[in-house]
Amino acid sequence: MNLSNKRFLGVAGEPFWRISRKDLDKLMTTLDITFVRLSQCLLASGAHLAVARVDACTIHYCLRGVGFILMDGESPIRLTPHTLVIVPPGRAMRIVATERPTALRNVGKGSVGLFVPGSSCRHTVGDDQPTLVLACGTFRATYGPALDLFASLAAPIVETFDVHDQLDQVIACALAELAAQDVGVGPMSAALLKVVLLALLRRCLVSTKAWVERFAMLSDPPIARAFAEMASRPSLPHTVQSLSHAVGLSRSAFMARFSAAFGEAPMSLLRRLRMRHAADLLAANALSIDQVALNVGYQSRSSFTRSFRRYYGSDPSEYRSNAQSEQSSRAAPAEDAIEQSDAA
């Protein structure tokens, strides 16, 4: 593997590792979409759509309007035109058509009227004119010998494109194909979604978000599987022995190949993964600090606090408070602009 693009970043949420151009080109060449189902979802202002858990990844592309995706344990994901979100399998969510973050507090969590993405060509919520229009669906993407690229995804992928990328036009064509159900609809819609995913994969070289890591080690599948296990389930009591056994390598071979890939030992990287996951959970403000500690593999709040302070220079409670303040300051200008527009 070409190691020239390796990066070790200390900022919460940023990638420890980045794929090389050579390996990315190989991945993009062999990417295969085995199925895709899409729905056009139209939400009136203030409406919210409850999305069911499904056993495949779901994709959500904002065609028009502003809103939010809400999931347990995650910060609200803001939707604006050209925002692309890929959600891990088995995650329920709510999509809310609102520009005001304060309105999210009133969104219920009931399971009435769950919508399965891709189950219909068009799904409308609310009686008024839609203010939020999305393409929502399910898909499966494979690489090499049936390796599902997104099956072990632990957190949503969120990237925002712009009008010059023309992904809205590609999505619109895919929706039209699926609605028409003409001959060849399967391969045609899969080819169109592949264009969208290829545009996402190009971001692996420049995005500062942690999702790019999952593609960084595909030329060494055992190490990729070990890293995915650590990243997706940081609360488990992983050891070098358990990880090497899980991927079918001897302890010595696993240590050598892991260190060659990352430049550090597995347990050292595991600690950093746990701290980054803890930072994300604290920023989401959905769990207590004791619960955050348990979710990243610490039985003791005090030992978790000491480790977190070493990585981020502040206690978990202080980090959470600062993260919430930053989110509020980002939301305030948008709300002020909305209020001024309403007043006018």
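All values derive from a computational prediction rather than experimental measurement.

Caption draft 1: A look at the packing of aromatic side chains. Counting across every chain of the model gives seven aromatic pairs. A ring pair is formed by Phe-304 and Phe-308, whose centres lie 5.9 Å apart and whose planes are at 50°; its orientation type is tilted. Residue Phe-304 and its partner Phe-308 are located together in helix α9 (residues 301-312), separated by four residues, close to a single helical turn. Of the two residues, Phe-304 and Phe-308, neither departs from the other in class, the shared state being buried. For the ring pair Phe-308 and Tyr-312, a centre distance of 4.8 Å and an interplane angle of 35° mean the geometry is tilted. Residue Phe-308 and its partner Tyr-312 are both found in helix α9; the two are separated by four residues, about one turn of the helix.

Caption draft 2: The pairing of strand β6 (residues 83-87), seen in detail. Counted residue by residue, β6 has five buried out of five residues, so it is predominantly covered. Along β6, one buried face is formed by Thr-83, Val-85 and Val-87 and the opposite face, lined by Leu-84 and Ile-86, is buried too. With four bridges joining them, strand β3 (residues 57-64) and β6 adopt antiparallel strand pairing. Paired with Tyr-61 across the two strands is Leu-84, which belongs to β6. Taken together, the four bridges between β6 and strand β11 (residues 157-160) define a ladder with antiparallel strand orientation. Note that in β11 the partner of Leu-84 across the bridge is Glu-159.

Caption draft 3: Region of the structure containing the confidence of the model for the chain. Taken as a whole, the chain shows an average pLDDT of 83; of its residues, 85% reach a score of 70 or greater. Taken together, the stretch residues 1-11 has pLDDT below 50 and engages in 32 contacts with residues farther than four places along the chain or on a different chain.

Caption draft 4: Broad picture of the packing of helix α4 (residues 221-232) against helix α7 (residues 266-284). Running from amino to carboxyl end, α4 crosses α7 at an angle of 35°, the nearest separation of the two axes being 9 Å. Seen along the crossing, α4 lies across α7 with a hand that is right-handed. In this structure, α4 contributes Phe-227, Met-230 and Ala-231 to the contact, and α7 contributes Pro-266, Leu-269, Leu-270 and Leu-273. Looking at side-chain class alone, the contact of α4 with α7 contains seven nonpolar, no polar and no charged residues.

Caption draft 5: Up close: the nonpolar core. Judged by nonpolar contacts, the single largest core of 59 residues is most densely connected at Ile-86, Phe-139, Phe-150, Leu-197, Phe-215 and Phe-254. At nine residues, the largest contribution of residues to this core is made by helix α3 (residues 185-202). Beyond its immediate sequence surroundings of up to four residues, Phe-150 is in contact with Cys-57, Ile-86, Pro-89, Phe-139, Ala-141, Ile-157, Arg-214 and Phe-215. Within the second largest apolar cluster, 21 residues are counted, among which are Leu-43, Leu-49, Leu-79 and Ile-95.

Caption draft 6: Just the sheet that holds strand β4 (residues 67-70), in detail. Strand order in the open sheet formed by four strands is β2-β7-β4-β5, with antiparallel pairing between adjacent strands. Among the strands making up the open sheet, the edge pair consists of β2 (48-51) and β5 (77-79). The sheet shows a mean angle of 20° between the axes of neighbouring strands, direction not considered. Sheet analysis places β4 next to β5, joined by three bridges and oriented antiparallel. Pairing of Ile-69 across the sheet is with Ile-77, part of β5.

Caption draft 7: Summary view of the state of the cysteines. Tallying each qualifying case throughout the model produces zero disulfides. With no disulfide of its own, Cys-62 lies 9.5 Å from the sulfur of Cys-136, the closest cysteine sulfur.

Caption draft 8: Highlighting the side chain of Thr-83. Locating Thr-83 in the fold gives a position in strand β6. For Thr-83, a relative accessible area of 0% puts it in the buried group. Not counting residues within four places of it along the chain, the set of residues in contact with Thr-83 comprises His-60, Tyr-61, Cys-62, Arg-78, Val-158, Glu-159 and Thr-160.

Caption draft 9: How the structure looks around the pattern of salt bridges. On inspection of all chains with the given rule, the structure shows six salt bridges. The residue Glu-159 makes a salt bridge to Arg-203 at a minimum N-O spacing of 2.9 Å. With Glu-159 in strand β11 and Arg-203 in the loop between α3 and α4, the pair connects residues that are 44 residues apart, well separated along the chain. No difference in accessibility class separates Glu-159 from Arg-203, as the two residues are buried. One salt bridge connects Asp-290 with Arg-301, and the closest N-O pair in it is separated by 3.7 Å.

Calculation notes
Residues numbered from 1 in each chain as written. Predicted model: local features only at pLDDT ≥ 70, side-chain atom pairs only at ≥ 80, totals over all residues. Heavy atoms only, no water. Phe/Tyr/Trp six-rings, centres within 6.5 Å; stacked < 30°, edge-to-face > 60°. Helix = DSSP H or I, 4+ residues; strand = E, 2+ residues; numbered from the N terminus. Buried < 20%, exposed > 50% of the residue type's maximum accessible area, 1.4 Å probe, protein only. Pairing = 2+ DSSP bridges. pLDDT = per-residue confidence, 0-100. Contact = heavy atoms within 4.5 Å. Axes fitted to C-alpha atoms, helices over the stretch in contact; angles between N-to-C directions. Left-handed = near helix turned anticlockwise from the far one by under 90°. Nonpolar A, V, L, I, M, F, W, Y, C, P; charged D, E, K, R; others polar. Core = buried A, V, L, I, M, F, W, Y, C linked by side-chain atoms within 4.5 Å. Disulfide = S-S within 2.5 Å. Salt bridge = Lys/Arg side-chain N within 4 Å of Asp/Glu carboxyl O.

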